[in-house]
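# Structure at a glance
Here's the letter readout for the chains.
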Amino acid sequence: MRKSCVCQVNQPQQYRHPGQAFISGYGLPQNDDWVLRYVEFLRQEAGLSDSPPIDLSAIYRHFGMPTPLRAPLGEQQGILVDSDAGLILIKEDDPIVRQRFTEGHELMELLFDAQERFFAGTPGWNEQRKEQLCDWGAAELLMPQSSFLPRLHALGMSLQTGCALANLYQTSLLATLVRTIQYCLGACAIVVWHCAYSRKETETLNNSTTKPQQKLRIWWSNRSQSWNCGFIPKNKSISHNSLISYTYSSVQPQKGIETIDLGRGAFDCRIETMPMQIGDKYCVLSLLHLLI
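My aim in this report is to walk through the structure given alongside it, one point at a time. (Residues numbered from 1 in each chain as written. Predicted model: local features only at pLDDT ≥ 70, side-chain atom pairs only at ≥ 80, totals over all residues. Heavy atoms only, no water.)

Here we come to the overall build of the chain. What the chain contains, in helices and strands, is ten helices and eight strands. Looking at the chain as a whole, 46% of its 292 residues are labelled buried. Considering only intrachain contacts with a sequence separation of at least 6, the fraction spanning at least 24 residues in the chain is 59%. Carbon and sulfur atoms make up 50% of the accessible area of the chain, which totals about 15500 Å². (Helix = DSSP H or I, 4+ residues; strand = E, 2+ residues; numbered from the N terminus. Buried < 20%, exposed > 50% of the residue type's maximum accessible area, 1.4 Å probe, protein only. Contact = heavy atoms within 4.5 Å. Areas by Shrake-Rupley, 256 points an atom, 1.4 Å probe, with all protein chains shown as cover.)

As a further point, take the sheet that holds strand 5 (residues 217-223). Read from one edge to the other, the open sheet built from five strands follows the order 5-4-8-7-6, with strand pairing classed as antiparallel. Lying at the two open borders of the sheet, with one neighbouring strand each, are strand 5 and strand 6 (254-261). Neighbour-to-neighbour, the strand axes of this sheet turn through a mean angle of 30 degrees, independent of strand direction. Across ten bridges, the pairing between strand 7 (residues 266-278) and strand 8 (residues 281-290) is antiparallel. (Pairing = 2+ DSSP bridges. Axes fitted to C-alpha atoms, helices over the stretch in contact; angles between N-to-C directions.)

Looking now at the pattern of salt bridges. Following the criterion strictly, the structure yields twelve salt bridges and no others. Two residues, Arg129 and Asp32, come together in a salt bridge whose shortest N-O distance is 2.5 Å. Note that Arg129 is positioned in helix 5 (residues 127-142) and Asp32 in the loop between helix 1 (18-26) and helix 2 (33-45), a separation of 97 residues in sequence. For Arg129, a relative accessible area of 31% puts it in the partly exposed group. Among the salt bridges present, the one from Glu140 reaches Arg179, with a minimum N-O distance of 2.3 Å. Taken together, the residues Glu140 in helix 5 and Arg179 in helix 8 (residues 173-183) connect sequence positions 39 residues apart. Residue Glu140 is classed as buried on the basis of its relative accessible area of 11%. Salt bridges linked by common partners bring Glu40, Arg43, Glu140 and Arg179 together as one network. (Salt bridge = Lys/Arg side-chain N within 4 Å of Asp/Glu carboxyl O.)

A pair of packed helices is characterised by two quantities: the angle between their axes and the separation of those axes. It is at 10 Å that the axes of helix 6 (residues 145-155) and helix 8 come closest, and there the two elements cross at 80 degrees. Viewed along their axes, helix 6 and helix 8 adopt a mutual orientation that is roughly perpendicular. Note on element contacts: helix 8 touches helix 6 through Thr176, Arg179, Thr180 and Tyr183, opposite Gln145, Phe148, Leu149, Leu152 and His153. (Parallel < 35°, antiparallel > 145°, perpendicular 65-115°, else oblique.)

A few words on the packing of helix 1 against helix 4 (residues 96-116). Running from amino to carboxyl end, helix 1 crosses helix 4 at an angle of 65 degrees, the nearest separation of the two axes being 7 Å. Between helix 1 and helix 4 the crossing geometry is right-handed. Listed contacts from helix 4 to Pro18, Gly19, Gln20, Phe22 and Ile23 of helix 1 are Leu110, Leu111, Ala114 and Gln115. Grouping the constituent residues of the contact of helix 1 with helix 4 by class yields six nonpolar, three polar and no charged. (Left-handed = near helix turned anticlockwise from the far one by under 90°. Nonpolar A, V, L, I, M, F, W, Y, C, P; charged D, E, K, R; others polar.)

Within the secondary structure layout, Gln99 lies in helix 4. The exposure class assigned to Gln99 is buried, which follows from its relative accessible area of 3%. Polar side-chain contacts of Gln99 include one of 3.4 Å to the backbone oxygen of Lys91. (Polar contact = N/O pair within 3.5 Å; in protein donor to acceptor, adjacent residues only side chain to side chain.)

This part takes up the nonpolar core. In terms of nonpolar packing, the biggest core is built from 54 residues, with Tyr38, Leu42, Leu56, Ile59, Leu107, Met108 and Leu285 touching the most fellow members. Of the residues forming this core, the biggest block, seven residues, is contributed by helix 4. If we skip the residues at most four places from it in the chain, Met108 touches Val35, Tyr38, Val39, Leu42, Cys134, Gly137, Ala138 and Leu141. Val191, Cys195, Ile244 and Cys269 belong to the second largest nonpolar core, which has 22 residues in total. (Core = buried A, V, L, I, M, F, W, Y, C linked by side-chain atoms within 4.5 Å.)

Our next topic: the packing of aromatic side chains. This model, assessed by the stated rule, comprises nine aromatic pairs. Taking 5.0 Å as the distance between ring centres and 20 degrees as the angle between the ring planes, the aromatic pair formed by Phe22 and Tyr26 counts as stacked. Here Phe22 and its partner Tyr26 are both found in helix 1, four residues apart, which amounts to about one turn of the helix. Residue classification places Phe22 among the buried positions, given a relative accessible area of 0%. By relative accessible area, which is 44% here, Tyr26 ends up partly exposed. (Phe/Tyr/Trp six-rings, centres within 6.5 Å; stacked < 30°, edge-to-face > 60°.)

So, in structure tokens, the structure goes:
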């Protein structure tokens, strides 16, 4: 008699809503720190350690979620389309490292989605704060403090350290530098400067023998807790003689010590700069180390 052959087929994991699974085990979030508990829950459930890079696909497999789909989303980086199926859309033309952070953000959104199922709204957090917490959770998911902080302290605060950690954790340089500023022990600030030029206009200017004397202005900034030189105002300009301006004109990284005035009085700082492209903007990324 011919024996029948039974083939073992790996069936796809049945979908479990990650946020609901967390709340079922730990209860409803009570404060901001519960976002970090949720992050740890995701990693532990998926069998992930804190060693970089964090494999988000292991989380999707464990909870039976489809791999996020890439789509032309315009202004949005990501969308939680269907929380009942775990379907997420990610902006297809973003850099891979930016896409990873967006995936982490949308995984955090699932926690708040689960909470909203118990309440008519989201208690305790407005929309802006919820978005901040989702970014905070995404940073902790991709760059766990337990492994990130020892590496930062070993390497020291610098743009070179930011680049090395961004490569190791497979995160964007800006997101990584924000993380380093969060744990920096010194008085430091990240400042991104730009002119009102598009990429095409910048390329034309770079090929020109003369460049217009339009000043660079602050586009975005972030400060360490030890920074004591006051608020860093958006749109504040920098002198043409600064290393920051020279970085823009030479398209070369620079290092040096300068006296800078951002509107609250002059102060001395050690500056590291590098040129970078953000969307259609040609920018200068600077790291300011306050000299005490």
